[in-house]
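# Topology and contacts: notes
Residue-level listing of the chains:
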Amino acid sequence: MIRCKPLLGTFVEISTEDGEHSLNAIEMAFTAIEQVQFLMGFHNPESELSQINARSHLEPIRIHSWTAEVLAIAKEIHVESQGIFNCGIGHRLVEAGLLPRHVSLNDQSFGGIEDLLFIEPNLVQSKLPLCLDLGGIAKGYAVDKAVEVLLANDIPFGSVNAGGDMRLFGDEAQDIQIRNPRKPLELIQIGSMKLGAIATSSLYFSKRDADAKSYMVNPLNQEHIEFSESYSVIANECVYADALTKVVSISGNAQHPCLSHFSAQAIKIPHAMTL
């Protein structure tokens with residue numbers, strides 16, 4: 001059984017065994033994904049993320065445990081990647097027209113994820129104004145929450161795929177395919193997987209026109225970067241696979257030291273690869 005919905009700025013596909021029980025579980029899994037989107041979406045000016053961006057430098061903001069978990073993971077990956085992963089680049093994407101203008105960019109000096117402090121487990125405050133964008137990590141987290149729902153409902157095997165951020169579970173191996181960076185409409189089979197997650201970062205579908213800037217920003221120098229290859233990361237959970245693709249694609253290093261810290265591995269597919 002396969003069901004698909006437009007969520008998280010992409011199409012989310014959930015695949016499980018057939019049956020009424022599976023259908024009910026899939027609907028609950030989609031509800032979990034919708035909750036992540038509601039809490040952490042940059043495009044929603046009422047989301048918890050938007051409230052953090054608007055007010056956390058002025059007062060403490062109480063947040064949902066899921067939002068807190070994603071922010072804590074983002075802070076950990078920021079440290080382990082030596083700053084290469086940093087969600088505090090939303091203002092650069094707003095300036096480039098890649099995100100909506102919910103915050104004023106005038107006379108603002110924005111901080112990064114390192115400036116967001118946990119006062120309590122679900123209470124945060126920032127030392128500086130923030131323009132966080134969780135687009136590079138929350139999608140993977142949403143996939144994980146959906147898988148948690150399926151497992152809690154005794155679904156024996158399946159997968160959740162959110163625009164290439166995918167997690168699989170159960171005893172049935174599934175083929176893993178990624179796009180050929182040189183010909184993005186063609187797929188490359190890289191193997192099969194029963195358990196775990198894989199996510200891919202690339203820029204082959206990112207350009208709206210010749211003058212458009214890349215959505216990938218290097219937090220260390222605040223510059224938009226370009227690359228023609230693709231980077232995939234395999235990890236136990238999709239939240240880590242999703243975030244770590246930014247580390248390896250920004251650094252250009254598929255052997256980045258922080259991968260081993262999170263029990264992950266990366267695959268680089270060069271632009272020159274042919275099928």
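The structure displayed is predicted, hence computed values, not measured ones. (Residues numbered from 1 in each chain as written. Predicted model: local features only at pLDDT ≥ 70, side-chain atom pairs only at ≥ 80, totals over all residues. Heavy atoms only, no water.)

## Some remarks on the overall build of the protein chain
Rule in force here: Per the convention used, a helix needs a DSSP run of H or I reaching at least four residues, while a strand needs a run of E reaching at least two, with both numbered from the N terminus. With the radius of gyration taken over C-alpha atoms, the globule rule is written as 2.2 Å times the number of residues to the power 0.38. Each residue is assigned to one of three classes by its accessible area relative to the maximum for its type, calculated with a 1.4 Å probe on protein chains only: buried under 20%, partly exposed between the two thresholds, exposed over 50%. Any two residues having at least one pair of non-hydrogen atoms within 4.5 Å are treated as being in contact. Only the protein chains shown count as covering a residue, and every accessible area follows the Shrake-Rupley method with a 1.4 Å probe.
The secondary structure content of the protein chain amounts to 7 helices and 14 strands. For a compact globule of 275 residues, the expected C-alpha radius of gyration is about 19 Å, and the protein chain comes in at 18 Å, within 12% of that figure. Taken over the C-alpha atoms alone, the protein chain extends approximately 55 × 45 × 35 Å along its principal axes. Per-residue burial for the protein chain yields a buried fraction of 52% across its 275 residues. Sequence-distant contacts in the protein chain: of pairs separated by 6 or more residues, those separated by 24 or more amount to 62%. For the protein chain, the computed accessible surface area is about 12700 Å², with 49% contributed by carbon and sulfur atoms.

## Focus: the side chain of Thr245
Rule in force here: In protein, a polar contact requires one atom able to donate a hydrogen and another able to accept it; more generally it is a pair of N or O atoms within 3.5 Å, and residues adjacent in sequence count only if both atoms are side-chain atoms.
As for its placement among the helices and strands, Thr245 is situated in helix H6 (residues 238-251). A distance of 2.8 Å separates polar atoms of two side chains, one belonging to Thr245 and the other to Ser201.

## Looking at the packing of aromatic side chains
Selection rule: Any pair of Phe, Tyr and Trp rings, taking the six-membered ring for Trp, is counted once the centres come within 6.5 Å. Such a pair is stacked with planes under 30 degrees apart, edge-to-face with planes over 60 apart, and tilted for the rest.
Within the structure shown, the criterion is met by 3 aromatic pairs. Arranged with centres 6.4 Å apart and planes meeting at 70°, the rings of Trp66 and Tyr141 form a pair that is edge-to-face. Of this pair, Trp66 sits in helix H3 (residues 65-80) while Tyr141 sits in helix H5 (residues 138-152); the two residues are 75 residues apart in sequence, bridging distant segments of the chain.

## Some words on the side chain of Ser81
Here Ser81 shows up in the loop between H3 and helix H4 (90-95). Judged by its relative accessible area of 1%, Ser81 is buried. There is a polar contact of 3.0 Å between the side chain of Ser81 and the backbone nitrogen of Phe85. With residues near it in sequence (within four places) discarded, Ser81 still touches Val247, His256 and Cys258.

Coordinates in, geometry out; function isn't part of it.
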